[in-house]
Amino acid sequence: MKTEKNILIPDGTDLDRIPLPASENWKFIDELKKERPRYFAWTRRKAIPGEADFSRGCVLTGHFPDLEGRLDTALEDWKKFQHEAGLPESGPYKIILRQGDAGPYDSFRLTVSTDECILTAGDREGIRRGIFYLENLLLASDGPFLKIRDIRRDAWLKNRISRCFFGPIKRPPMNRDELLDDVDYYPDAYLNRLAHEGINGLWLTVEFKDLCRTEFTPDAAPDAEKRLAKLRHTADQCLRYGIRTFLFMIEPRAWDPEDPILKKYPELGGAVCADGTIAFCPSSETAQQYLYQSTRSIFSRVPQLGGIINISIGERNTTCLSSLSWDVKNHLSGHKMQCPRCRKHPVGEAIFKSVSAMTRGMREVSTEAEFICWYYMSTPAEMVDDFYTLTRLPEGATLLVNFESGGKKTQCGRELTGGDYWLSYVGPSTRFERMMNAVPEGIGRGAKLQVGCSHELATVPYIPVPGLLYRKYREMRRLNVTTAMQCWYFGNYPGLMNQAAGMLAFEDFSVGEEDFLKRLAAPYWRKHAGELTAIWQQASDAYGNYPFSNFIQYYGPFHDGVVWPLYPFRRYLPLSPTWRIDHPVSGDTIGECLSDLPLEHAEILSGKLYEQWHQAAVRANSLRSDYADAPEQLSELDLINALDILFASAHNIFRFYLLRSENRGFTPEMRAIMEQEIRHSEQMIKLCLKDSRLGFHSEAENYKFFPEKLEARIAFLKEMLAAPLPERPAMIHDISNQWFQADQYKWQMGNTGWSVKIHVVVSNIYRVDQMFAAIQGRPETPPVVIGITKNNDLIGSADGTSIKAVDHGDHWEAEFEIPWKNILLCNGTFRFALVRLFIRQNICEYAPYPNDPGGAVFRLRIGYHLPQYMMVFKADPAFIKDNQ
Ligand SMILES: [Zn+2]
């Protein structure tokens with residue numbers, strides 16, 4: 001059975017014992033339920049010639065077909081606007097709604113003349129956009145007057161899909177499902193804000209097994225009724241604001257080999273995936289019926305849904321295509337389809353068949369509903385050519401691809417390649433562009449990106465860098481993208497960045513970034529719009545220095561450096577995944593976040609980012625006195641300050657460990673950094689008390705930092721300054737060249753002079769075996785993490801490392817060879833490496849040496865590496881001498 005021992009031991013710190021804030025204390029939820037006051041700074045009382053005058057009051061008239069009353073919320077909002085602005089409800093000025101041709105999707109025209117303003121749109125949603133646009137124009141003015149003119153706003157981006165900021169993620173560790181509880185995740189004021197920001201779709205997670213009953217699965221989904229009822233309610237609630245609900249799913253799921261449904265209908269199973277699951281084979285009539293009936297069963301109960309966003313390939317195993325390796329580096333076993341049915345057809349047919357059947361079930365109920373097929377190919381490594389042939393989808397479907405994955409950027413003279421989710425990198429990646437260019441006529445093009453923030457730093461509501469969004473959306477328009485999935489679990493808090501994205505959906509990009517930013521700033525900052533534009537541009541340029549490495553996103557100090565302990569001497573403690581809170585606070589093995597770039601570069605880049613951001617922050621703070629009575633604006637300025645601290649902390653942490661790696665003891669500069677970090681935590685406490693959004697990570701479903709934890713960090717740093725923990729003695733077991741023997745396997749390490757070799761022999765009694773090895777030089781250098789299945793499929797990859805598995809029938813063996821230069825450890829007289837080896841047989845896991853407690857703590861892309869349990873491998877000094 002799978003071991004569930006907690007082997008992550010916090011080291012002398014109370015940081016992990018501080019209880020997390022309970023959800024009833026997440027104050028931002030109360031704020032999202034409240035109407036947001038508008039800030040009018042009208043200083044002028046008289047219209048000038050050539051202006052329309054709203055000051056004597058206005059009426060909204062005209063008929064617009066809206067049987068379901070879905071425009072009511074927008075009309076109501078206009079009334080409130082008029083009321084807040086002090087504009088009389090009856091008055092001479094007329095705002096006339098009119099149906100007419102105004103362009104694609106929710107485009108609209110606004111003809112402002114002396115006595116009336118005509119708002120023309122082809123559909124209801126165009127009217128909604130027009131009303132909100134008019135409100136913003138007036139907010140940006142210095143009085144209730146508008147210049148007489150014709151305005152035309154053409155939408156090019158049809159779908160702007162976001163997600164509830166605090167909705168449960170339906171994933172471990174909490175596995176909460178928003179369709180099963182009684183919480184209202186979509187309060188009116190929140191939806192109204194999203195609607196104002198141009199959001200017209202929200203996604204939420206579902207699984208077939210929870211919702212669908214088919215003739216093949218008559219007893220499935222016992223809670224379906226409860227879930228469907230809440231889904232219906234949610235969809236109705238959102239539609240009142242012109243927002244459609246999309247079901248996010250990863251279907252059809254691969255099967256557990258023991259699943260009784262698979263046993264009964266073996267044709268539903270196809271190729272075997274690397275982890276032992278059986279891919280769903282869409283090629284049989286049974287499979288087609290199952291898929292069709294599944295989506296039909298949902299949509300027939302909730303026909304008002306907007307559609308489906310489905311990861312058809314790339315995350316979790318789905319159809320037979322999941323059994324293939326798509327990234328060039330992992331391409332050891334070739335690209336041969338093992339499924340006897342799918343093997344007979346072109347490679348993309350499996351996706352076409354599964355998507356077609358699901359689309360049929362959906363469209364039979366709702367012709368408007370859309371199928372958005374997402375290829376979540378997130379790894380930096382290049383895709384095999386076959387990937388670009390997966391473009392055959394049913395007519396009207398949309399192909400959604402990660403906008404940045406595979407993108408390249410040169411930093412510190414090194415070319416780096418990024419995986420998913422980048423705001424600091426504009427993109428698109430060549431992968432995205434090549435895929436979009438391959439999309440045939442009749443299929444929509446979609447971009448998956450992060451509007452508010454990404455895995456780079458997701459503990460703030462958003463990063464105020466709208467200039468970067470401008471550059472991204474310009475590229476999206478160039479490539480005829482019509483759907484944007486604007487966020488993952490995070491990156492969706494209402495405010496500046498959502499607002500920018502909503503405006504960009506109507507931008508023709510003819511007048512440039514600066515002009516756009518001024519228009520974005522005008523309704524909120526009026527006379528300072530130009531100054532804000534300059535601040536945002538400086539912030540965008542600063543953020544472009546974020547180190548272009550997914551490891552830094554996933555394990556680095558940017559999200560919550562303000563609660564990181566600092567260890568003056570090596571303790572070999574692991575880093576925590578930035579999107580989780582079920583791991584201890586990050587330790588000192590800084591190398592774990594440095595796979596792609598050396599610590600020196602991380603230090604330089606974070607330093608540049610901080611210095612440039614700090615200048616923007618200084619500039620922003622000079623505006624404070626003008627907004628003393630405008631809380632929204634003040635919190636915008638404070639957000640810039642919070643980021644200033646987070647960037648400073650991240651830089652300090654890299655600098656601290658860079659200094660430590662020089663091995664000169666606890667130097668005065670290291671002490672000074674600790675003192676400064678105490679001040680950063682103190683400053684952050686003040687900001688957290690003012691703004692409950694700070695520290696909250698939507699994917700972690702709780703706070704990564706909060707006042708009590710910041711206090712504990714301060715106490716820890718003070719302790720360390722007074723009495724630093726000494727270097728933790730390494731677990732020295734000289735394991736060179738001996739065989740280690742266990743029940744099911746034996747292994748040995750050897751040295752070729754230029755490389756380390758690991759040889760493992762495993763008895764072949766299970767269908768699926770995997771082998772992992774991790775080698776790390778020092779805590780400040782990146783670990784080399786590699787894995788392989790007994791079928792010779794590489795799991796993860798490391799440049800320059802060779803790895804091979806051979807199946808001999810009664811046993812199989814694997815050989816790893818890792819060049820010493822990749823391990824980066826050589827102290828002059830002898831070389832050594834720290835090693836952890838991990839075997840996963842079927843679902844049993846072993847860590848095969850003395851003193852290792854075993855246990856499966858898996859970290860994304862770091863695998864089973866755990867620095868505190870590594871063994872020391874020494875090479876013979878005489879041998880090294882001869883081979884140098
Ligand atoms: Zn198949």
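Everything numeric here is computed off the predicted structure, so don't read it as measured data. (Residues numbered from 1 in each chain as written. Predicted model: local features only at pLDDT ≥ 70, side-chain atom pairs only at ≥ 80, totals over all residues. Heavy atoms only, no water.)

S.K.: Describe the coordination of the zinc ion, naming the residues involved and giving the relevant values.
M.R.: Protein coordination of the zinc ion is provided by C281 (SG), C320 (SG), C339 (SG) and C342 (SG), with donor distances spanning 2.2 to 2.4 Å. If you list the donors of the zinc ion from N- to C-terminus, the spacing comes out as C-x38-C-x18-C-x2-C. Of this pair, C281 sits in the loop between β12 (278-280) and α8 (285-301) while C320 is found in the loop between β13 (307-313) and α9 (349-363), placing the two residues 39 residues apart along the sequence. Under the relative-accessibility criterion, C281 is labelled buried at 0%. Since its relative accessible area comes to 0%, C320 is described here as buried. (Donors = N, O, S within 2.8 Å, 3.2 Å for Na, K, Ca; no water. Helix = DSSP H or I, 4+ residues; strand = E, 2+ residues; numbered from the N terminus. Buried < 20%, exposed > 50% of the residue type's maximum accessible area, 1.4 Å probe, protein only.)

S.K.: How would you explain the sheet that holds strand β28 (residues 802-807) if you had to name every residue and give the values?
M.R.: Pairing is antiparallel across the open sheet formed by five strands, whose spatial order is β22-β23-β24-β29-β28. Both edges of this open sheet fall to β22 (739-741) and β28, since each of them pairs with a single strand only. Averaged over all adjacent pairs, the angle separating strand axes in this sheet is 10°, with direction ignored. With three bridges joining them, β22 and strand β23 (residues 745-751) adopt antiparallel strand pairing. In the strand pairing of β23, F740 is matched with W747. (Pairing = 2+ DSSP bridges. Axes fitted to C-alpha atoms, helices over the stretch in contact; angles between N-to-C directions.)

S.K.: Now, about the sheet that holds strand β4 (residues 108-112): what can you tell me, with residues and values included?
M.R.: Pairing within the open sheet is mixed, and its five strands lie in the order β2-β3-β5-β4-β7. Looking at strand neighbours, the two that pair on one side only are β2 (58-61) and β7 (149-153), the edges of this open sheet. Taking each pair of neighbouring strands and ignoring which way they run, the sheet shows an average axis angle of 15°. When β4 meets β7, the two strands line up antiparallel, connected through five bridges. Bridge pairing in β7 places V112 opposite R149. Running at roughly 45° to β4, helix α3 (residues 124-140) makes contact with β3 (93-99), β4, β5 (116-121) and β7 of the sheet. (Contact = heavy atoms within 4.5 Å.)

S.K.: I'd like a description of the pattern of salt bridges, backed by residues and values.
M.R.: As enumerated under the stated definition, the model contains 58 salt bridges in all. With its nearest N and O atoms 3.1 Å apart, the salt bridge here joins E84 to R38. Of this pair, E84 sits in helix α2 (residues 72-85) while R38 sits in the loop between α1 (27-33) and β1 (51-53), and the two are 46 residues apart along the sequence. Judged by relative accessible area, which is 36%, E84 ranks as partly exposed. D177 is the salt-bridge partner of K170, the closest N and O atoms lying 3.9 Å from each other. One network of salt bridges, in which partners are shared, links D66, E68, R70, R124, E125 and R128. (Salt bridge = Lys/Arg side-chain N within 4 Å of Asp/Glu carboxyl O.)

S.K.: Tell me about α3, and name the residues and values.
M.R.: Along its 17 residues, α3 runs 25 Å from first to last C-alpha, staying within 8% of the 24 Å computed at 1.5 Å per residue. Within α3, 14 of the 17 residues are buried, which leaves it mostly tucked inside the rest of the structure. (Expected span 1.5 Å × (residues − 1).)

S.K.: Can you explain the nonpolar core? Please cite residues and give values.
M.R.: Membership of the largest hydrophobic core comes to 244 residues, with the highest contact counts inside it found for I298, Y375 and Y473. Looking at this core, the element that brings in the most residues is helix α17 (residues 631-661), giving 15 residues. If we ignore the near neighbours within four places in the chain, the residues touching I298 are F208, L211, C212, L228, L231, L247, M249 and L305. Residues F740, A805, W812 and I823 belong to the second largest nonpolar core, which totals 23 residues. (Core = buried A, V, L, I, M, F, W, Y, C linked by side-chain atoms within 4.5 Å.)

S.K.: Which residues make up the pairing of strand β14 (residues 370-375), and what are the values?
M.R.: Of all six residues in β14, six are buried; the element is thus mostly enclosed. Residues E370, I372 and W374 of β14 are buried on one face, and the alternating residues F371, C373 and Y375, pointing to the opposite face, are buried as well. The pairing of β13 with β14 spans six bridges and is classified as parallel. The residue bridging G307 from the neighbouring strand is E370, located in β14. Relative to strand β15 (residues 398-402), β14 runs parallel, the two being bridged by four bridges. Residue I372 lies in a different strand from β15, and its bridge partner there is T398.

S.K.: Account for the side chain of Q82, with residues named and values stated.
M.R.: Mapped onto the fold, Q82 is located in helix α2. Contacts of Q82, omitting those with residues within four sequence positions, involve C58, L87, P88 and E89.

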